[in-house]
Amino acid sequence: MQILDGKATAKQIQGELSAEVQALKDKGIHPSLTVILVGDDPASQVYVRNKERACQKVGIESRTIRLPKETQEAELLSLIEKLNRDPDVHGILVQLPLPEGISEEKVICTISPEKDVDGFHPVSMGRLLLGQDGFRSCTPYGIMELLRRYQLPIAGQEAVVVGRSNIVGKPMAALLLAENATVTVCHSRTRNLGEVTRRADLLVVAVGKENFVGREMVKPGAVVIDVGINRTEAGICGDVNFSEVKEVASAITPVPGGVGPMTITMLLANTIRAARRACSV
Ligand code: GUN
């Protein structure tokens, strides 16, 4: 059984990205990311701090704009429009969730698709589905990169994605399909879930429920990717019962140290790409 070490893989990729950033800087291009955080959600504050730190590590200029939870939607939208016009800003990320009264859909749609480093804009999602060049949502993109670096096969495999969110499940299914997997997407209305997950050669779980997948739901030899980040009294744990499932899987991602570090690394990769495209290099 192989542990898919997202932390180590992310570190390796970040080394490669640092070299890319330096090469761009030598050409006078300084990749930059602006993060907007509205309100005081504690988990979001941690995520945003981690993003700042990761940018710093590879030499990306990062700026975080913190706004009070009372911020009006119109104010936020006009700030995004201003950043869209600023040539020194290559990537824009608005941390979700947003306070009540602000439409996530409107906010996401206002970010220029050229600066949409989260890959959440309808144009990015459409391009992904059509197999066109565009920004890919960081978590699914990070999972694909992890599978690629461990040389795990995708083409022709039975891939089952549990969860159908816009951020993970849907783009995950699209990326696996683009790599020629046979893809099934399960969700809260799926009947006989265990029967479906037991068919998977590659099982991706993104439901946000602690220990949701036990060994009885996993085919012996399957590759299991755990996207869950659940805060429990015992610390952070995933959606997969790790100690059980590691006994049947051929490979599995741990939580923490699996998908999480890859996600943030792909945000860096997307930001560098945005900078390169903005400057046509
Ligand atoms: N909140 C939780 N995950 C994410 C993410 O990947 N991007 C943004 N913008 N907000 C999030």
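An account of the accompanying structure is given in this report. Small disclaimer: the values here were computed from a predicted structure and weren't measured.

**Some points on the environment of G101**
And step 1. Among the structural elements, G101 can be located in the loop between β4 (91-94) and α4 (104-110).
And step 2. For G101, a relative accessible area of 69% gives the class exposed.
And step 3. A C-alpha to C-alpha distance of 9.2 Å links G101 and E70, two positions 31 residues apart in sequence.

**Comments concerning helix α6 (residues 138-149)**
And step 1. Counted at 1.5 Å a residue, the expected span for α6 with its 12 residues is 16 Å, and the 16 Å between its end C-alpha atoms agrees.
And step 2. Along α6, 10 of the 12 residues are buried, which leaves the element largely enclosed by surrounding structure.
And step 3. Within α6, burial applies to C138, T139, P140, Y141, G142, I143, M144, E145, L146 and L147.
And step 4. Turning to α6, the residues buried within the fold contact α1 (6-26), α7 (169-178), β7 (202-205), β8 (223-226) and α10 (259-278).
And step 5. Directly after α6, the chain includes Q151, whose backbone phi takes a positive value near 55°.

**A closer look at the packing of α6 against α10**
And step 1. Relative orientation of the contacting elements α6 and α10 amounts to 105°, with a least axis distance of 8 Å. The pairing of α6 with α10 is recorded here as roughly perpendicular in orientation. Where α6 approaches α10, its residues C138, T139, Y141, G142, I143, E145 and L146 are matched on the opposing element by V259, M262, T263, M266, L267 and N270.
And step 2. Classifying every residue of the contact of α6 with α10 by side-chain character gives 8 nonpolar, 4 polar and 1 charged.

**Some remarks on α1**
One turn of the α-helix equals 3.6 residues, which is why residues spaced by three or four share an orientation.
And step 1. Across its 21 residues, α1 extends 30 Å between first and last C-alpha, which sits within 8% of the 30 Å expected from 1.5 Å per residue.
And step 2. For α1, the complete set of buried residues consists of G6, T9, A10, I13, Q14, L17, V21 and L24. Taken down its axis, α1 places every buried residue within 130° of arc, on the same side. Seen from the buried face of α1, the exposed residues on the opposite side, beyond 90 degrees, are K11 and D26.
And step 3. Residue D5 occupies the N-cap position of α1, its side-chain oxygen lying 3.1 Å from the main-chain nitrogen of K7.
And step 4. Phi turns positive one or two residues past the end of α1, at G28, with a value near 85°.

**Thoughts on the site of the ligand**
And step 1. As a matter of local geometry, the ligand sits amid K51, L93, V94, Q95, L96, D118 and F120.
And step 2. A distance of 2.9 Å separates a nitrogen atom of the ligand from a polar atom in the backbone of L96.
And step 3. Grouping the constituent residues of the shell around the ligand by class yields 4 nonpolar, 1 polar and 2 charged.

**Some remarks on the environment of V281**
And step 1. Looking at the element boundaries, V281 is found in the segment after α10.
And step 2. Judged by relative accessible area, V281 falls into the partly exposed class, the value being 44%.
And step 3. Taking the C-alpha atoms as reference points, V281 and I29, 252 residues apart in sequence, are found 9.6 Å from one another.
And step 4. Sequence-distant contacts of V281, that is, excluding residues within four places in its chain, are made with L24, I29 and R276.

**So, the pairing of β8**
And step 1. Alternating positions in β8 separate into two faces, V223 and I225 on one and V224 and D226 on the other, with burial throughout.
And step 2. As paired elements, β7 and β8 share 4 bridges and run parallel to each other. In the strand pairing of β8, V205 is matched with D226.

**Quick notes on the layout of surface pockets**
And step 1. Of the pockets and cavities examined, the largest pocket occupies roughly 1,400 Å³.
And step 2. In terms of lining, the largest pocket is formed by 50 residues, of which the most central are Y47, I229, G260, T263 and I264.
And step 3. Going through the elements one at a time, α1, α2 (42-58), β4, α6, β9 (230-232) and α10 are the ones with two or more residues in the lining of the largest pocket.
And step 4. Among the elements that line the lining of the largest pocket, the one with the most residues is α2, at 9 residues.
And step 5. Each residue belonging to the lining of the largest pocket can be placed in one class, and the counts come to 25 nonpolar, 15 polar and 10 charged.
And step 6. Approximately 260 Å³ is the volume attributed to the second largest pocket.
And step 7. Considering the residues around the second largest pocket, the lining is formed by L96, E104, E105, I108, C109, F120, H121, P122, M125, N166 and I167.
And step 8. Ranked by residues supplied to the lining of the second largest pocket, first place goes to α4 with 4 residues.
And step 9. For the lining of the second largest pocket, the class distribution of residues is 7 nonpolar, 2 polar and 2 charged.

What counts and what doesn't
- Residues numbered from 1 in each chain as written.
- Predicted model: local features only at pLDDT ≥ 70, side-chain atom pairs only at ≥ 80, totals over all residues.
- Heavy atoms only, no water.
- Helix = DSSP H or I, 4+ residues; strand = E, 2+ residues; numbered from the N terminus.
- Buried < 20%, exposed > 50% of the residue type's maximum accessible area, 1.4 Å probe, protein only.
- Expected span 1.5 Å × (residues − 1).
- Contact = heavy atoms within 4.5 Å.
- Axes fitted to C-alpha atoms, helices over the stretch in contact; angles between N-to-C directions.
- Parallel < 35°, antiparallel > 145°, perpendicular 65-115°, else oblique.
- Nonpolar A, V, L, I, M, F, W, Y, C, P; charged D, E, K, R; others polar.
- Arc of directions from axis to C-beta.
- Polar contact = N/O pair within 3.5 Å; in protein donor to acceptor, adjacent residues only side chain to side chain.
- Near = heavy atom within 4 Å.
- Pairing = 2+ DSSP bridges.
- 1 Å grid on protein atoms, 1.4 Å probe; cavity = no way out; pocket = protein on both sides within 12 Å on 5 of 7 lines; lining within 4 Å.
- Points joined across faces, edges and corners; volume = space filled by probe spheres on them.

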